[in-house]
Amino acid sequence: MFQRDYFMRMIGQMTQALGQVMGMRDRKEHLQALAIVDELLDREFRLNSRLVDTLTDQELVGMLTTAGVIDHGSLQAIARLLREKGEIYAERGETEASYAALLKALHLFLRGGLIDPEPATAEPALEIARLQEQLEAYELPEETKRLLMAWQEQEGRFDLAENLLHELLEDELLSLPEAERFYDRLLDEPEERLERGGLSLSEVREAREDLRRQGVQSSDIR
């Protein structure tokens, strides 16, 4: 009950503050909008803007973890505010700052969503989709692609997970055994779920066999 009340209060405060931010963005008052976002981060989470910029997404998750349990409400709220900052930076033409904020927001939503995809103070699935769209012009880092691949697999979008797997393989950032384990997991899925996720059982079997042949060829070369 206490946690629910806490989240509802947080949502209310964020909704009010973000309403102000949207008005300022419409009026091109970007510095004032950033100040409100930073004030909310500081007041609710004791995170000043410099600290947020300095900490990695993993460190932020660690700060929000107690006895192995993540405060998903706070995690989602911080990620949502970082997304807002990234959009404001983009409107100011600060490409580097925008990219860094949006990418960190995406990582936070992904790391939290892979543990618990349910919304608390934001909708992880919708936020992840929006952030992917905002970052589509960039070549994403290996870590981001791995997180996205795991997320798409968890969400049952197997064709999208497979696309990321191929990107990582082509860039030699994913080993054959890792790829084989991916297809082994898919082979354990019901055929109907595979098809809903954009792949047929025959496609998965064929891809798994192709990897097996590649592994044999690599062994022969060595």
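Residues numbered from 1 in each chain as written. Predicted model: local features only at pLDDT ≥ 70, side-chain atom pairs only at ≥ 80, totals over all residues. Heavy atoms only, no water.

### Focus on the overall build of the protein
Looking only at helices and strands, one finds 12 helices and two strands in the protein. In the protein, the order of α-helices and β-strands from amino to carboxyl end is α-α-α-α-β-β-α-α-α-α-α-α-α-α. Judged by the C-alpha coordinates and their principal axes, the protein covers about 60 × 45 × 30 Å. Here the protein, with 222 residues, has 43% of them falling under the buried criterion. (Helix = DSSP H or I, 4+ residues; strand = E, 2+ residues; numbered from the N terminus. Buried < 20%, exposed > 50% of the residue type's maximum accessible area, 1.4 Å probe, protein only.)

### Looking at the environment of Gly197
As for its position among the elements, Gly197 is in the loop between helix H11 (191–196) and helix H12 (201–221). Taking the relative accessible area as the measure of exposure, Gly197 reaches 3% and is therefore buried. Through-space distance from the C-alpha of Gly197 to that of Gly156 is 5.3 Å; in sequence the pair is 41 residues apart.

### Describing the packing of helix H7 (residues 124–134) against helix H8 (residues 142–154)
Orientation of H7 relative to H8, taken along the N-to-C sense of each, is 135°, at an axis distance of 13 Å. One finds that H7 runs oblique with respect to H8. In terms of crossing hand, the pair formed by H7 and H8 is left-handed. When H7 is examined against H8, the residues Ala125, Ile128 and Gln132 are found in contact with a partner set consisting of Leu148, Trp151 and Gln152. (Axes fitted to C-alpha atoms, helices over the stretch in contact; angles between N-to-C directions. Parallel < 35°, antiparallel > 145°, perpendicular 65-115°, else oblique. Left-handed = near helix turned anticlockwise from the far one by under 90°. Contact = heavy atoms within 4.5 Å.)

### Examining the side chain of Gln76
Within the secondary structure, Gln76 is located in helix H5 (residues 72–91). Not counting the four nearest positions on each side in its chain, Gln76 is found in contact with Phe109, Glu118, Pro119, Ala120, Thr121, Ala122 and Pro124.

### A look at the packing of aromatic side chains
Inspection of every chain in the model, using the stated rule, returns two aromatic pairs. The interplanar angle of 40° and the centroid separation of 4.6 Å between the aromatic rings of Tyr99 and Tyr138 together place this pair among those described as tilted. With a gap of 39 residues between them, Tyr99 in helix H6 (residues 95–115) and Tyr138 in the loop between H7 and H8 connect regions that are remote in the sequence. A relative accessible area of 32% places Tyr138 in the partly exposed class. Both rings, one in Phe182 and one in Tyr183, keep their centres 5.0 Å apart while their planes meet at 75°; by these two values the pair is edge-to-face. Of the two residues, Phe182 and Tyr183, neither departs from the other in class, the shared state being buried. (Phe/Tyr/Trp six-rings, centres within 6.5 Å; stacked < 30°, edge-to-face > 60°.)

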